[in-house]
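Secondary and tertiary structure notes
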Amino acid sequence: MPYINAIGTAVPPHRHHQSDILRFMLAAENYSEDESRRLSLMYHRSGISFRHSVLADYSSSKHGYQFYPKTPDLEPFPTVSQRMSFFETHSLTLAQSAISDLGLTENDASFTHLITVSCTGLMAPGLDIQLMESLELSPTIVRNSVNFMGCYAAIHALKLADAFCRADANAQVLVVCTELCTLHFQKGKSLDTQTSNLLFSDGAAACVVSNRPHGKRIEGFYSEVVLQGKNDMSWKVSEHGFLMKLSNEVPKLLEASIRQMILNALSNNHLTLDKITHWAIHPGGKSILEAVQRAMKLGSTASEASFEVLKNYGNMSSVTILFVLKKLFSTNDEDKTFAVAFGPGITMESMILA
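Owing to the predicted nature of the structure, the values given are computational and were not obtained by experimental measurement.

Remarks on helix H11 (residues 320–329)
Burial analysis of H11 places 8 of its 10 residues in the buried class, which makes it a mostly covered element. Here H11 has its buried residues at Thr 320, Ile 321, Leu 322, Phe 323, Val 324, Leu 325, Leu 328 and Phe 329.

Structural notes on the packing of helix H2 (residues 33–44) against helix H7 (residues 191–199)
Packing of H2 against H7 brings their axes to within 10 Å, and their N-to-C directions diverge by 40°. Here H2 lies oblique to H7, going by the angle between them. Considering the relative orientation of H2 and H7, their crossing is right-handed. Across from Leu 39, Met 42 and Tyr 43 in H2, the residues of H7 making contact are Leu 191, Gln 194, Thr 195, Asn 197 and Leu 198. Class assignment of the residues belonging to the contact of H2 with H7 gives a composition of 5 nonpolar, 3 polar and no charged.

Description of empty space enclosed by the protein
Summed over the entire model, instances satisfying the criterion amount to 2 cavities of 30 Å³ or more. In this structure, the largest cavity encloses a volume near 70 Å³. Counting residues per element, the ones that place at least two in the lining of the largest cavity are helix H1 (18–28), H2 and H7. Within the lining of the largest cavity, the residues separate by chemical class into 6 nonpolar, 4 polar and 2 charged. Volume-wise, the second largest cavity comes out at about 40 Å³. Contributing to the lining of the second largest cavity are Lys 216, Leu 325, Leu 328, Phe 329, Thr 337 and Leu 353. Element by element, the count of residues in the lining of the second largest cavity is highest for H11, at 3 residues. Of the residues in the lining of the second largest cavity, the class split is 4 nonpolar, 1 polar and 1 charged.

Things to note about the nonpolar core
In terms of nonpolar packing, the biggest core is built from 80 residues, with Tyr 68, Leu 174, Phe 185, Phe 338 and Phe 342 touching the most fellow members. Beyond its immediate stretch of four places on either side in the chain, Leu 174 contacts Ile 99, Leu 102, Phe 111, His 113, Leu 114, Ile 115, Leu 135, Ala 206, Cys 207 and Val 208. Counting residues in hydrophobic clusters, the runner-up holds 38 residues, among them Ile 115, Ala 171, Val 309 and Leu 322.

Examining the pattern of salt bridges
A side chain with one charge may pair with a side chain of the opposite charge, provided their charged atoms come close. With the rule as written, the count across this model stands at 14 salt bridges. One salt bridge in this structure joins Arg 37 and Glu 33, with 3.1 Å as the shortest N-O distance. With Arg 37 and Glu 33 both in helix H2 and 4 residues apart, the pair spans about one turn of that helix. Note on Arg 37: relative accessible area 47%, which makes it partly exposed. The class for Glu 33 is exposed, based on a relative accessible area of 61%. Note that Glu 308 and Lys 327 form a salt bridge whose closest N and O atoms lie 3.2 Å from each other. Residue Glu 308 is located in helix H10 (residues 304–313), and its partner Lys 327 is located in helix H11; the two are separated by 19 residues in the primary sequence. Judged by its relative accessible area of 37%, Lys 327 falls in the partly exposed class. Counted as one network, the salt bridges with shared partners bring together Glu 33, Asp 34 and Arg 37.

Describing the environment of His 44
When you line up the elements, His 44 lands in helix H2. Look at His 44 and you get exposed, because its relative accessible area is 67%. In sequence terms His 44 and Met 233 are 189 residues apart; their C-alpha atoms lie 23 Å from each other.

A word on the environment of Gln 130
Looking at where Gln 130 falls in the secondary structure, it is placed in helix H5 (residues 127–134). For Gln 130, a relative accessible area of 17% corresponds to the buried category. Residues Gln 130 and Ile 346, spaced 216 residues apart in sequence, show a C-alpha to C-alpha distance of 32 Å. Setting aside anything within four residues of it in sequence, one finds Gln 130 in contact with Glu 88, Ser 91, Leu 92 and Met 123.

Quick notes on the rules
Residues numbered from 1 in each chain as written. Predicted model: local features only at pLDDT ≥ 70, side-chain atom pairs only at ≥ 80, totals over all residues. Heavy atoms only, no water. Buried < 20%, exposed > 50% of the residue type's maximum accessible area, 1.4 Å probe, protein only. Helix = DSSP H or I, 4+ residues; strand = E, 2+ residues; numbered from the N terminus. Axes fitted to C-alpha atoms, helices over the stretch in contact; angles between N-to-C directions. Parallel < 35°, antiparallel > 145°, perpendicular 65-115°, else oblique. Left-handed = near helix turned anticlockwise from the far one by under 90°. Contact = heavy atoms within 4.5 Å. Nonpolar A, V, L, I, M, F, W, Y, C, P; charged D, E, K, R; others polar. 1 Å grid on protein atoms, 1.4 Å probe; cavity = no way out; pocket = protein on both sides within 12 Å on 5 of 7 lines; lining within 4 Å. Points joined across faces, edges and corners; volume = space filled by probe spheres on them. Core = buried A, V, L, I, M, F, W, Y, C linked by side-chain atoms within 4.5 Å. Salt bridge = Lys/Arg side-chain N within 4 Å of Asp/Glu carboxyl O.

Below is the structure:
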């Protein structure tokens, strides 16, 4: 039976207060007084206090510019190739920090499989090859990369790790999620652009999955896609970077569909709602967490870990759910945890741990 043996997390060194990021965003556009007031209100209501980035720029008044031009209008705006170059430069160090946080001994690190996850950077040879080399892993290690799936990708990667372990009793899988979302800041006054700039941040997380009975036992997975929302959440490549669409319909769609999805997931694993003690909900945004709370009739403490991660780190895409799970990982009971994350599709991907 596969277990998540350990979870490690890391963030880059630049910790930006949400109010500093707001000042950066206001300086990047020619906002009217009403527009500035509206954007300030959005940031104030975001439920986010801090976000981390590999870039110093978002607190530029304190740190100086590193990535964006020093001109008031940030022109020339960074190209896709410049953004990918920064990803290649910074992603390995951040991933290594998350792996170090696992606290593994040399005997623990005899990995047979490596799964890397990212939707914010693409290159070949990729992060999997970089990690194989830097960690001195076997050149015959089984590698797999989960790319461009979005915020639910960590659970998808764990599903692959679970399958590897069920197929091979001696499998020891290292899963590494690395997201540098802040490389993809976009100019513009559209609500999609403003929402993306308000939410996303950088981080990395790693976990070890094996059949060794230590940590949290993986009991099952379940996924559904809400196709009527496929145009409300998207992540596409443009000439000037990756473009996120996150409409205000997403919380409504999730609120209407998440309860039945969770009941289906529990039924699929021969469980009922009363058997779930802990909830790990992907903090895609304050409104998304509140929508799930309402749909599931959860008390304020049930999703406390998710709100805390959102407050201190923002939305780190695939990495975020592992930050939430790590907060719940220290519970030494066998009570069941239901984890769920969301992404383009709209995909709802879930996992049950005990």
